[in-house]
Amino acid sequence: MELYEALDRRRTVREFEDETVPVEVLERIIGAAFKAPTNDHMRDWHYIIIRDKKVTAKLLDIIPKEISDEDMDALIKDWDLSDSTQQECYRNAVPKQYRMLFDASAVIIPLFKQKTDILHPDNISHLNGFASIWCSIENIFLSATAEGYGCNLRIPLGNEAEYAREILGFPDEYIMPCFIGIGKPKSGIVPVKQRAVDIRERIHRDMF
Ligand SMILES: Cc1cc2nc3c(=O)[nH]c(=O)nc-3n(C[C@H](O)[C@H](O)[C@H](O)COP(=O)(O)O)c2cc1C
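Residues numbered from 1 in each chain as written. Predicted model: local features only at pLDDT ≥ 70, side-chain atom pairs only at ≥ 80, totals over all residues.

Here we take up the site of the ligand. If you check the shell around the ligand, you find Arg-11, Thr-12, Cys-89, Ala-93, Gln-97, Asn-152, Leu-153, Arg-154, Ile-155, Pro-191 and Gln-194 and nothing else. At the level of elements, α5 (84-93) and β3 (150-154) are the ones that each hand at least two residues to the shell around the ligand. The element that contributes the greatest number of residues to the shell around the ligand is β3, accounting for three residues. Its residues assigned to classes, the shell around the ligand comprises five nonpolar, four polar and two charged. (Near = placed C-beta within 6 Å. Helix = DSSP H or I, 4+ residues; strand = E, 2+ residues; numbered from the N terminus. Nonpolar A, V, L, I, M, F, W, Y, C, P; charged D, E, K, R; others polar.)

Laid out in structure tokens, this is it:
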């Protein structure tokens, strides 16, 4: 698939067919992740691929399995979401947080090494490791799309990341930025509309 086509086709996928992503495809996709730019030339990343449903169930046990309509309304209000497309995205995504990972063919956990306190950086360069892993994650999304698969992601909330560390046994100096679910997109699912952006209003020539 041509790059611009993959960019167009990549959408967050939260519902999957019951179909396995072959190991060799997963390895190709992780290989693409390691082609991303890196802040310190080290590409000090690891990816845990979880395909064993028993491990998946344990790992995700901490994620709420559903949300009531009242809690959803309260969340929209609390987070001050006034844009209708944005509200639609959250109403679509929040109730699917558990199943979008549990029903995925595999859950992928990216890990990056962080030497300083990521929550209290002295300057923006202390966030370089975090920025690099996200370049790498985008390569996963695009290569999964090019392979005919789809991905979703969840930012760990509360103590989900520390719980994942316990379950998966990754060392203290590594941080997981997100959970990734990957699988064959369920047929017939229409993704939520992306918010339209007129790029001519976002490109500035010579001055803002
Ligand atoms: C930094 C970041 C955090 C995100 N967090 C979540 C999340 O916790 N749960 C989720 O379902 N989607 C999450 N998403 C996916 C967005 O909801 C999604 O990318 C957005 O709605 C646009 O849709 P699209 O990816 O189909 O273009 C996140 C995306 C990014 C880049």
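Now, onward.
Attention shifts here to the packing of helix α2 (residues 23-33) against helix α7 (residues 128-146). Where α2 meets α7, the closest approach of the two axes is 7 Å, and the angle between their N-to-C directions is 140 degrees. In terms of orientation, α2 and α7 fall into the oblique class. Where α2 crosses over α7, the two elements pack in a sense that is right-handed. Where α2 approaches α7, its residues Arg-28, Ile-29, Ala-32 and Ala-33 are matched on the opposing element by Ser-136, Asn-139, Ile-140, Ser-143 and Ala-144. Across the contact of α2 with α7, the residue classes tally to five nonpolar, three polar and one charged. (Axes fitted to C-alpha atoms, helices over the stretch in contact; angles between N-to-C directions. Parallel < 35°, antiparallel > 145°, perpendicular 65-115°, else oblique. Left-handed = near helix turned anticlockwise from the far one by under 90°. Contact = placed C-beta atoms within 7 Å.)

A few words now on the pairing of strand β5 (residues 179-183). The element β5 is largely enclosed, with a buried count of five among its five residues. The side-chain alternation of β5 yields two buried faces, one formed by Phe-179, Gly-181 and Gly-183 and the other by Ile-180 and Ile-182. Here three bridges tie strand β2 (residues 106-113) to β5, and the two strands are oriented antiparallel to one another. Its bridge partner being in β5, Ala-106 is matched across the sheet by Ile-182. Pairing analysis gives five bridges linking β3 to β5, with the strands arranged antiparallel. Bridge assignment links Gly-150 to a residue of β5, and that residue is Gly-183. (Buried ≥ 20, exposed ≤ 12 C-beta atoms within 10 Å, placed from the backbone. Pairing = 2+ DSSP bridges.)

What follows concerns the nonpolar core. In terms of nonpolar packing, the biggest core is built from 31 residues, with Ala-106, Val-107, Ile-140 and Ile-182 touching the most fellow members. Going through the elements one at a time, α2, β1 (45-50), α3 (53-60), α6 (99-102), β2, α7 and β5 are the ones with two or more residues in this core. When residues in this core are grouped by element, the largest group, six residues, is from β2. Contacts of Ala-106, omitting those with residues within four sequence positions, involve Val-21, Leu-26, Ile-49, Ile-50, Arg-51 and Ile-182. (Core = buried A, V, L, I, M, F, W, Y, C linked by C-beta atoms within 7 Å.)

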